Amino acid sequence: MSEVSLAQQNFLLTHKKHQRIVTVSRLCIFLLFLGLWEGAARLDIIDSFFFSSPSRVILCAWDMVLDHTLFVHAGITLFETIVSFILVTVFALITTIILWMNKKISETLEPYLVILNSLPKSALAPLLIVWLGANYNTIIITGVSVAIFGSILSLYTSFQSVDPEKIKLIQTLGGKKYHILTKVILPANIPALYSLMKVNIGLCLVGVIIGEFISSRQGLGYLIIYGSQVFKLDFVIMSIVILCLLAWGLYSLLICLEKRYLKRMS
């Protein structure tokens, strides 16, 4: 037992050392990028008017923090993204269950789902604005449209790939389709659902920004468009940086939830 315990300790130490090296390497790459960017701007290697610089972006963000407009714009984009993400997750799961329960419906709708998933979603945004008006609902629906069809197709494929022997066992014991769904299909697809959610959070953010580009007067997408129109490129780069931070934060939250689930199931 002592040898096993020592081997486990060595493995954990090696793993922690590896994680520290990866974390430090990421931080060094990020700091090197910021240093090169700032240095190139100060030495006039690049034009700071067009490419900005880390110091200018920080000053721009600080000015917007002082007048509270940064929190308003970021908060609106975050709210729209989270609502879109929740709607995509719930609607995709419900629709996939319906398709799995009824093969005729799934065979009928499959080509339409494939076509809609292949359609460039940015082409739908102007139509949605004409139909629904320039408001939060339109932006949220635009965010939903980017991720929903691919989510249904991916989740349905995952439902179909569940071990058929487990399904036969439930059927042999007299179980109905409802029992197969709740006892086999859904539990087996929770990891796939988490993986899909990690993809969808980024897609919903992209869809929300597309909607804000076209119709919004608030949000980070609006700041990007406004900054490019009036040549305040500090606004543009600052908004892109904040979008990256939002995407990273939401993705990290989903990873934490997934790890908690896996730990509880192990």
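**Q** Which residues make up the packing of aromatic side chains, and what are the values?
**A** Inspection of every chain in the model, using the stated rule, returns four aromatic pairs. Relative to Tyr226, the ring of Tyr222 lies with its centre 5.9 Å away and its plane at 25°, an arrangement referred to as stacked. A residue pair is termed a helical-turn pair when its members lie 3 or 4 positions apart in one helix, as Tyr222 and Tyr226 do in helix α10 (residues 220-229) at four residues. Classification of Tyr226 by relative accessible area gives partly exposed; the value is 29%. Summarising the aromatic geometry, the rings of Tyr226 and Phe235 are spaced 6.2 Å apart at their centres and angled 35° between planes, so their arrangement reads as tilted. A residue is classified by how much of its surface remains accessible, and Phe235, at 18% relative accessible area, is buried.

**Q** Lay out the nonpolar core in plain terms, naming residues and giving numbers.
**A** With 32 residues, the main nonpolar core has Trp100, Ile148, Phe159 and Ile185 as its most contacted residues. At the level of elements, α4 (69-101), α7 (136-160), α8 (164-172), α9 (177-215) and α11 (233-265) are the ones that each hand at least two residues to this core. The leading source of residues in this core is α9, at ten residues. Not counting the four nearest positions on each side in its chain, Trp100 is found in contact with Tyr156, Phe159, Gln160, Lys177, Ile180, Leu181 and Ile185. Ala61, Ile224, Ile237 and Leu243 belong to the second-largest nonpolar core, a separate cluster that totals 20 residues.

**Q** Can you tell me about the packing of helix α3 (residues 54-66) against α11, naming the residues and giving the values?
**A** Orientation of α3 relative to α11, taken along the N-to-C sense of each, is 85°, at an axis distance of 9 Å. Judged on the interaxial angle alone, α11 and α3 are roughly perpendicular. Touching Arg56, Val57, Cys60, Ala61 and Met64 of α3 are Asp234, Phe235, Ile237 and Met238, all from α11. A breakdown of the residues in the contact of α3 with α11 according to their chemical character gives seven nonpolar, no polar and two charged.

**Q** So what's going on with the side chain of Ser84? Which residues, and what values?
**A** Within the element layout of this structure, Ser84 appears in helix α4. At a separation of 3.1 Å, a polar atom in the side chain of Ser84 contacts the main-chain carbonyl oxygen of Ile140. With near-sequence residues (within four places) excluded, Ser84 lies in contact with Ile140, Gly143, Val144, Cys204 and Val208.

**Q** Tell me what's going on with the pattern of salt bridges, and back it up with residues and numbers.
**A** Any two side chains of opposite charge can pair if their charged atoms end up close together. Per the counting criterion, the structure on display carries three salt bridges. The residue Arg42 makes a salt bridge to Glu38 at a minimum N-O spacing of 2.6 Å. With Arg42 and Glu38 both in helix α1 (residues 2-42) and four residues apart, this pair spans about one turn of that helix. The exposure class assigned to Arg42 is exposed, which follows from its relative accessible area of 63%. Of the charged contacts, one joins Arg56 and Asp234 as a salt bridge, the two residues approaching to 3.1 Å between their closest N and O atoms. Residue Arg56 is found in helix α3, and its partner Asp234 is found in helix α11; the two are separated by 178 residues along the sequence.

Calculation notes
- Residues numbered from 1 in each chain as written.
- Predicted model: local features only at pLDDT ≥ 70, side-chain atom pairs only at ≥ 80, totals over all residues.
- Heavy atoms only, no water.
- Phe/Tyr/Trp six-rings, centres within 6.5 Å; stacked < 30°, edge-to-face > 60°.
- Helix = DSSP H or I, 4+ residues; strand = E, 2+ residues; numbered from the N terminus.
- Buried < 20%, exposed > 50% of the residue type's maximum accessible area, 1.4 Å probe, protein only.
- Core = buried A, V, L, I, M, F, W, Y, C linked by side-chain atoms within 4.5 Å.
- Contact = heavy atoms within 4.5 Å.
- Axes fitted to C-alpha atoms, helices over the stretch in contact; angles between N-to-C directions.
- Parallel < 35°, antiparallel > 145°, perpendicular 65-115°, else oblique.
- Nonpolar A, V, L, I, M, F, W, Y, C, P; charged D, E, K, R; others polar.
- Polar contact = N/O pair within 3.5 Å; in protein donor to acceptor, adjacent residues only side chain to side chain.
- Salt bridge = Lys/Arg side-chain N within 4 Å of Asp/Glu carboxyl O.

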